[in-house]
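# A closer look at the structure
Read off the chains here:
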Amino acid sequence: MGFIIFRLIIFLALVWAGIRLLRTYKQKKLEFEERHEKENSLKKKPQQMVQCRFCNIHLPEKDAVRHEKLWFCCHEHRSHFLDQGPDKPEW
Ligand SMILES: [Zn+2]
């Protein structure tokens, strides 16, 4: 009789441990997903704006064309700027 109760206790302990493990797993999964979402939104948010040195238009960094420390809205403006140079007077 005592042996059956012992087995029952072991069985219940295993079930309890299984439920706890499942809950912990779900919790961790939820936390991970939340963190992932936060990281994603953080990545999206800081969109650095830069200014084209040729036409002074503002545009997001990912759409801009870079030349050393200078930014341009397109390849055309970059080559225009590099051809004319920064100190050439406008006519
Ligand atoms: Zn431009």
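Quick caveat: nothing in here was measured; it's all calculated off a predicted structure.

## A word on the overall build of the chain
If you tally the helices and strands in the chain, you get 2 helices and 4 strands. Counting from the amino terminus, the chain carries its helices and strands in the arrangement α-β-β-β-β-α. Looking at the chain as a whole, 7% of its 91 residues are labelled buried. A fraction of 10% describes how many contacts in the chain between residues 6 or more apart in sequence connect residues 24 or more apart.

## Concerning the UniProt feature "transmembrane region" (unreviewed entry) in the chain
Within this structure's numbering, the places UniProt gives as "transmembrane region" (unreviewed entry) are residues 6-22. Counting secondary structure, residues 6-22 comes out at 100% helix and 0% strand; the distance between its end C-alpha atoms is 24 Å.

## Topic: the nonpolar core
Ranked by size, the top nonpolar core spans 5 residues in total: Phe54, Ala64, Trp71, Phe72 and Cys73. In this structure cysteine 73 touches Cys52, Cys55, Ile57, Leu59 and Ala64, once residues within four positions along its chain are discounted.

## Some points on the environment of proline 46
If you trace the backbone, proline 46 turns up in the loop between helix 1 (2-44) and strand 1 (49-51). Judged by C-beta crowding, with 7 C-beta atoms within 10 Å, proline 46 ranks as exposed. For proline 46 and proline 60, which are 14 residues apart along the polypeptide, the C-alpha to C-alpha distance reads 10.0 Å.

## So, the environment of asparagine 56
Positionally, asparagine 56 belongs in the loop between strand 1 and strand 2 (58-60). Considering only alpha carbons, one finds asparagine 56 and tryptophan 71, 15 residues apart in sequence, at a separation of 9.7 Å.

## Details of unusual backbone geometry
In the Ramachandran plot, asparagine 56 falls in the positive-phi region, its phi being about 65 degrees despite a non-glycine side chain. Asparagine 56 gets classed as exposed once you count the C-beta atoms within 10 Å, which come to 8. Although it is not a glycine, glutamate 68 adopts a positive phi angle of roughly 50 degrees. Within the secondary structure layout, glutamate 68 lies in the loop between strand 3 (65-67) and strand 4 (70-72). Residue classification places glutamate 68 among the exposed positions, given that 5 C-beta atoms sit within 10 Å.

Cut-offs used in this document
Residues numbered from 1 in each chain as written. Predicted model: local features only at pLDDT ≥ 70, side-chain atom pairs only at ≥ 80, totals over all residues. Helix = DSSP H or I, 4+ residues; strand = E, 2+ residues; numbered from the N terminus. Buried ≥ 20, exposed ≤ 12 C-beta atoms within 10 Å, placed from the backbone. Contact = placed C-beta atoms within 7 Å. UniProt positions renumbered as here; feature names shortened; annotations may be inferred. Core = buried A, V, L, I, M, F, W, Y, C linked by C-beta atoms within 7 Å.

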